Amino acid sequence: MIHVHQIGDIRITGLTEYIGPTHDPKVLYPDWDPAFLDRHDSWLNNDFWFKNLGRLVIGIQIWIVHAGDRVILIDTGVGNHKPRGPERMHMLNTLVPQWLAAAGASFDQVTDVVMTHLHSDHVGWNTVPDGQGGWQPAFPNARYVMPETDIAHFRALFEAAPQDDPSFGDSIAPILEAGLVDFVEDGDLIAGHLRAQSAPGHTPGQTIYWIDDRAVFCADLFHHPLQISEPHLNTAYCVLPDEARASRRAFLERAAQTGALIFPCHFGGSHCGTIGRDGEQYSYLPADPAAAQRF
Ligand SMILES: [Zn+2]
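Residues numbered from 1 in each chain as written. Predicted model: local features only at pLDDT ≥ 70, side-chain atom pairs only at ≥ 80, totals over all residues. Heavy atoms only, no water.

1. Notes on the coordination of the zinc ion
Formally: Water is absent from the atoms considered, so a metal site may look incomplete; donors are defined as N, O and S atoms within 2.8 Å of the metal, or 3.2 Å for Na, K and Ca. Just to be clear on the cut-offs, tetrahedral is four donors with all angles between 85 and 135 degrees, square planar is four donors and octahedral six with opposite donors over 155 degrees apart and all others between 65 and 115, and anything else goes down as irregular. Note on conventions: DSSP H or I runs of at least 4 residues are helices, E runs of at least 2 residues are strands, and numbering of each starts at the N terminus. Exposure is judged per residue with a 1.4 Å probe applied to protein chains only, and the accessible area is read against the type maximum: over 50% gives exposed, under 20% gives buried, and values in between give partly exposed.
Coordination sphere of the zinc ion, protein contribution only: His-117 (NE2), His-119 (ND1), His-202 (NE2) and Asp-220 (OD), at 2.2 to 2.3 Å. Geometry at the zinc ion is irregular, judged from its four donor atoms and the angles of 86 to 176 degrees they form at the metal. When the donor residues of the zinc ion are listed from N- to C-terminus, their spacing reads H-x1-H-x82-H-x17-D. Of this pair, His-117 sits in the loop between strand S6 (112-114) and strand S7 (127-129) while His-202 sits in the loop between strand S12 (194-198) and strand S13 (207-211), and the two are 85 residues apart along the sequence. Residue classification places His-117 among the buried residues on the basis of a relative accessible area of 0%. Owing to a relative accessible area of 2%, His-202 belongs among the buried residues under this scheme.

2. Side note on the packing of helix H4 (residues 148-160) against helix H5 (residues 167-177)
Using the following cut-off: Lines fitted to C-alpha atoms define the axes, with helix axes restricted to the stretch in contact, and inter-axis angles between N-to-C directions lie between 0 and 180 degrees. Any angle between 65 and 115 degrees counts as roughly perpendicular, while under 35 counts as roughly parallel, over 145 as roughly antiparallel, and the rest as oblique. Handedness of each helix crossing follows the sense of rotation of the near helix against the far helix: counterclockwise by less than a right angle gives left-handed, clockwise gives right-handed. Residue contacts are defined here by distance: any two heavy atoms, one from each residue, within 4.5 Å place the two residues in contact. Think of it as three bins: nonpolar holds Ala, Val, Leu, Ile, Met, Phe, Trp, Tyr, Cys and Pro, charged holds Asp, Glu, Lys and Arg, and polar takes everything else, Gly as well.
The interhelical angle for the contact between H4 and H5, taken along N-to-C directions, is 130 degrees, at an axis separation of 11 Å. Comparing the axis directions of H4 and H5 gives the class oblique. Judged by the twist between their axes, the crossing of H4 over H5 is left-handed. Residue-level contacts link Ile-151, Phe-154, Arg-155 and Phe-158 of H4 to Phe-168, Gly-169 and Leu-176 of H5. Partitioned by chemical class, the residues of the contact of H4 with H5 number five nonpolar, one polar and one charged.

3. Re unusual backbone geometry
A positive phi is found at Asp-75, a non-glycine position, where the angle reads about 65 degrees. Residue placement: Asp-75 occurs in the loop between strand S5 (70-74) and helix H3 (96-102). Notably, Met-91 is not glycine yet its phi reads approximately 50 degrees, a positive angle. With respect to the helices, strands and loops of the structure, Met-91 is situated in the loop between S5 and H3. Judged by its relative accessible area of 43%, Met-91 is partly exposed.

4. Re the pattern of salt bridges
To keep it simple, the criterion reads: Should a side-chain nitrogen of Lys or Arg be within 4 Å of a carboxyl oxygen of Asp or Glu, the pair is scored as a salt bridge.
This model, assessed by the stated rule, comprises nine salt bridges. Two residues, Asp-182 and Arg-143, come together in a salt bridge whose shortest N-O distance is 2.7 Å. Taken together, the residues Asp-182 in strand S10 (residues 181-183) and Arg-143 in strand S9 (residues 143-146) connect sequence positions 39 residues apart. Assessed through its relative accessible area of 33%, Arg-143 is described here as partly exposed. Across the pair Glu-280 and Arg-277 runs a salt bridge whose closest N-O atoms are separated by 3.2 Å. One connected set of salt bridges, linked through shared partners, spans Asp-31, Asp-242 and Arg-245.

5. Points about the packing of aromatic side chains
For clarity, the cut-off: Centre distance within 6.5 Å is the pairing criterion for rings of Phe, Tyr and Trp, where only the six-membered ring of Trp is used; planes under 30 degrees apart are then read as stacked, over 60 as edge-to-face, and the remainder as tilted. In this scheme, Lys NZ or Arg CZ marks a charge over a ring once it lies within 6 Å of the ring centre and within 35 degrees of the ring normal.
The full count for this structure, using the stated rule, is 13 aromatic pairs. Seen from their ring centres, Trp-63 and Phe-263 are 4.8 Å apart, and the 80 degrees between their planes marks the pair as edge-to-face. On the criterion of sequence distance, the pair formed by Trp-63 in strand S4 (residues 55-67) and Phe-263 in strand S15 (residues 261-263) is long-range, its members being 200 residues apart. Classification of Trp-63 as buried rests on a relative accessible area of 0%. Since its relative accessible area comes to 0%, Phe-263 is described here as buried. Ring geometry for Phe-158 and Phe-168: centres 5.9 Å apart, planes at 35 degrees, overall tilted. Here Phe-158 is found in helix H4, whereas its partner Phe-168 is found in helix H5, with ten residues between them in sequence. Its relative accessible area of 22% is what places Phe-158 among the partly exposed residues. Aromatic rings pair up to connect Trp-43, Phe-48, Phe-267 and Tyr-284 into one cluster. Taking the ring centre of Trp-135 as reference, the NZ or CZ of Lys-82 above it sits at 4.7 Å.

6. Remarks on the layout of surface pockets
Vacant regions in the atomic arrangement are exposed by a probe of water-molecule size rolled over the atoms. This is how it is decided: Using a grid of 1 Å spacing that covers the protein atoms alone, one calls a set of points a cavity when a 1.4 Å probe fits there but cannot get out, and a pocket when the set is open and has protein on both sides within 12 Å along at least five of seven lines; lining residues are those with an atom within 4 Å of a point. Grid points are joined across faces, edges and corners, and a volume is the space filled by probe spheres set on the points.
Volume-wise, the largest pocket comes out at about 620 Å³. His-119, Ser-120, Asp-121, Asp-165 and Tyr-237 are, among the 30 residues lining the largest pocket, the residues nearest its centre. When contributions to the lining of the largest pocket are tallied by element, the ones reaching two or more residues are strand S2 (10-23), S4, H4 and H5. Top element by residues in the lining of the largest pocket is H4. It accounts for four residues. Split into classes, the residues belonging to the lining of the largest pocket amount to 13 nonpolar, eleven polar and six charged.

Put into structure tokens, the structure is as follows:
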């Protein structure tokens, strides 16, 4: 549930909001081919795939970065008490606030909330109920950092059909109105430690964040490690398909070259790992769970 990794002086804690065999691969991946299961049978164990259910394992990961005097969250999961379309995300009631506090990232302690993109499963804990039927910022002492391109995209979707996805209204608009948002641009150094890199496609403004060449929060470039081995595979949620594939391939090349530990948002198993390369073929090398420090 909570696992800790050390990158030099920087501590990275992963907090799993929930995880399980939730996704039918044919629904998640419009170009799904059952042959993928045979091709990757050697590593598709129960960390990643439940054969008898026919479901891919997908989690919701909130990454916490302690660096100097900064307490940084990378994305904020689904959140509690929020009406959502998919059953697995609807009106959650988890112990995330207590888990954050246990990890040294209580609502009051967080200094920076950094968004990779603005899908509803990445912004939920931005806000909590205000006691009057509305929503208020959850992290009163934090600046919230997000890509401006995504704000425009998701605001337009919300205004056209708020009932389809209310997340912009309950999780983004309240922090914009509170004046707590800073926009991130490609190349910016965020919170003193995170180098932003634009990685558009999954959403128009998707941004990933590097700690030198040693670690990288790689957002939804991948929902599942199958996309590392099959990088042409986009999810049904990738807004700009060609750009998504181009960003994924460019990332794989750099991640394999640097050996950076990648911190995606939705992977099962040990939740993070490195990228192997054999010619044009990439593979996911999960971090040894034993290497994660006990919490
Ligand atoms: Zn996403």
